[in-house]
Every structure is written in C-alpha cells, then in structure tokens.
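# Coordinate inspection notes
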Amino acid sequence: MILDDRLEAVAGFVPAGCKVADIGTDHGYLAMELYKRDERRTVIAADKNAGPCQAASHTLAEAGLTDCIQVRQGDGLKALAVGEADTVCIAGMGGKLISDILSAEPEVLAGLNCLVLQPQNAYSLLRKWLYEHNWHIVDEALAQVDGRVYQIIKAERGQTEIPSELALKLGPVLLDKRPELFANHVENNLISCHKVLTGLQKSAEPDRGRIQQVEAEIAELEGLL
C-alpha cells in the first residue's frame, strides 16, 4: 500500500517507537503503514462507525496484520483507555470536530504527548485551541492531492505564546519555512478572502469595519507572494 501525499505527510510526523492511535481510521491504510514502517510501535485503528472498522479489519487481514494492530469501534478518544496511546493521528476531519474530539476525553488527552492532525477546515480555530490548551505546534507540512492543498500539523505539549492571527490562519511553522506549496497555500486563502469581501460588499447593509478588516487581511496575504 502506497499512501497518498496527504497521509504520507501525516505518517512522517508520527514518532518512532510510540503508542499511536489512528482516530477515524477509515480503511486502516495509515494504521497499517505506521506499523509496517516501525514494528516497535503499538498501533490502534479506531473509527466511530462499523463500516470503516470492518473495512480496516479486511485491510489488515489481507496484509496478515490482524494480530499486530487492534481495530476499535468508538467515538473519538472514547475508543481508548487512559495510557493506551501517547500519540494520536486525526486526519480528514473539520478543525472544529478535531478540537471537540480532543476536548471530549480529558483523561485520555492528558496521557498524550504528540498530536498529528490534518484538518479539512477551521485551521485558525484548531491552532488557537491547541495553544489555549497547553499544546504548541512543532512542525507543519503541506501536501497536494488531486489539486487540493492540505495542511498537516504536529503538536506537542508545552505552553507558548499564541501566534498572530495570520500565523494561526497560515500556520506558524509554514509561515517560517515557506515550503514548496506555500504560494498555493497563500493563494487559496486569498481566494477565500475575496469571496468573503464580495459577499460583504453585496450586503444590503455593508459592515464597513468588517470590510476594512478583510481588505487588510488581503493586503497582508498579497505581501507574502
């Protein structure tokens, strides 16, 4: 099994020899590769729904890894007992949902020291949640699949100052590293901002303060290109 660039970036952030849980495992491809690449890892593949759990079990059976990776049906971190994992991967979900999943089981969360997250949206919200709950972002990556650019975040425990709004939106590490897809990343944010601005300008009662705020944000993003 060859992971696409998105899941490859997620896999690349998972520490060696860790106890990792893939939350929302779907077909179990990521969980399988995490174990195959480092058999010192203990790997749990968890999903809320029965269908993905059955698909993951089938994937592992075909690979002869049924006895190596546990498949669990459970809602988010509820699938885990306290101390079973020190690392969690959550990929392909909205940023708000990811933060809700992490918040829902504080005792399980307290036993974690590494989060590898790939949100589909609400990036600023998720990053801000991390900093407000004593996590900080240690690395980030961009990956492109079928023309879409994805953001991958690695966070570890530790309290640091919350980054600027621009850094929360684009990613503090991405803003610093400027990787290969960074221009695409900025352009995607510009497109979103222009759509918001157009909607505000067409409003029957335009919010002048909000319009100025979005215009300033556009200027800031354009300055990065």
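Everything quoted here is computed from the prediction, not taken from an experiment.

## Structural notes on the overall build of the chain
Within the chain, the secondary structure is distributed over ten helices and seven strands. Taking 2.2 N^0.38 as the reference for a compact globule, 225 residues should give roughly 17 Å; the C-alpha atoms of the chain span a radius of gyration of 19 Å, in line with that estimate. Dimensions of the chain along its principal axes, counting C-alpha atoms only, are 60 × 35 × 35 Å. The proportion of buried residues among the 225 residues of the chain is 49%. Of the contacts formed within the chain by residues at least 6 apart in sequence, a portion of 66% connects residues at least 24 apart. Counting only carbon and sulfur atoms, one obtains 47% of the accessible surface of the chain, whose full area is about 11000 Å². Each charge sign in the chain was given a centre, from 22 positive and 33 negative side chains, and these centres are 2 Å apart.

## So, the environment of Glu-107
Along the chain, Glu-107 turns up in helix H5 (residues 106–110). Overall, the relative accessible area of 60% leaves Glu-107 in the exposed class. Taking the C-alpha atoms as reference points, Glu-107 and Val-82, separated by 25 residues in sequence, lie 6.4 Å from one another.

## Here we look at the layout of surface pockets
Quantified by volume, the largest pocket comes out at close to 520 Å³. For the largest pocket, the lining is made up of 21 residues, of which Ser-124, Lys-169, Asn-189, Cys-193 and Glu-217 are closest to its centre. Sorting the residues of the lining of the largest pocket by element identifies helix H6 (123–132), strand E7 (148–157), helix H7 (165–170), helix H9 (182–202) and helix H10 (208–222) as the ones contributing at least two each. In terms of residue count, the dominant contributor to the lining of the largest pocket is H9 (six residues). In terms of residue class, the lining of the largest pocket is made up of eight nonpolar, seven polar and six charged.

## What to know about the packing of helix H1 (residues 5–12) against helix H2 (residues 29–37)
Look at H1 against H2: their axes get within 10 Å of each other, and the N-to-C directions meet at 45 degrees. It follows that H1 is oblique to H2 by the angle criterion. In terms of crossing hand, the pair formed by H1 and H2 is right-handed. Between H1 and H2, the residues in contact are Leu-7, Glu-8, Val-10 and Ala-11 and Leu-30, Leu-34 and Arg-37, respectively. Of the residues that constitute the contact of H1 with H2, the class distribution is five nonpolar, no polar and two charged.

## Description of the pattern of salt bridges
Scanning all chains against the criterion turns up eleven salt bridges. A salt bridge links Glu-8 to Arg-37; the nearest nitrogen and oxygen atoms lie 2.6 Å apart. You can see Glu-8 sitting in helix H1 and its partner Arg-37 sitting in helix H2, a full 29 residues away along the chain. A residue is classified by how much of its surface remains accessible, and Glu-8, at 31% relative accessible area, is partly exposed. Under the relative-accessibility criterion, Arg-37 is labelled partly exposed at 42%. Note that Lys-177 is salt-bridged to Asp-139, the shortest N-O span being 3.0 Å. Remark: Asp-139 occurs in strand E6 (residues 135–145) and Lys-177 occurs in helix H8 (residues 172–177); sequence separation between them is 38 residues. Relative accessible area serves as the criterion here: at 43%, Lys-177 is assigned to the partly exposed category. Sharing partners across several salt bridges, the network here consists of Glu-8, Glu-33, Lys-36 and Arg-37.

Cut-offs applied
- Residues numbered from 1 in each chain as written.
- Predicted model: local features only at pLDDT ≥ 70, side-chain atom pairs only at ≥ 80, totals over all residues.
- Heavy atoms only, no water.
- Helix = DSSP H or I, 4+ residues; strand = E, 2+ residues; numbered from the N terminus.
- Rg over C-alpha atoms; globule rule 2.2 N^0.38 Å.
- Buried < 20%, exposed > 50% of the residue type's maximum accessible area, 1.4 Å probe, protein only.
- Contact = heavy atoms within 4.5 Å.
- Areas by Shrake-Rupley, 256 points an atom, 1.4 Å probe, with all protein chains shown as cover.
- Lys, Arg positive; Asp, Glu negative; His and termini not counted.
- Charge placed at Lys NZ, Arg CZ, Asp CG, Glu CD.
- 1 Å grid on protein atoms, 1.4 Å probe; cavity = no way out; pocket = protein on both sides within 12 Å on 5 of 7 lines; lining within 4 Å.
- Points joined across faces, edges and corners; volume = space filled by probe spheres on them.
- Nonpolar A, V, L, I, M, F, W, Y, C, P; charged D, E, K, R; others polar.
- Axes fitted to C-alpha atoms, helices over the stretch in contact; angles between N-to-C directions.
- Parallel < 35°, antiparallel > 145°, perpendicular 65-115°, else oblique.
- Left-handed = near helix turned anticlockwise from the far one by under 90°.
- Salt bridge = Lys/Arg side-chain N within 4 Å of Asp/Glu carboxyl O.

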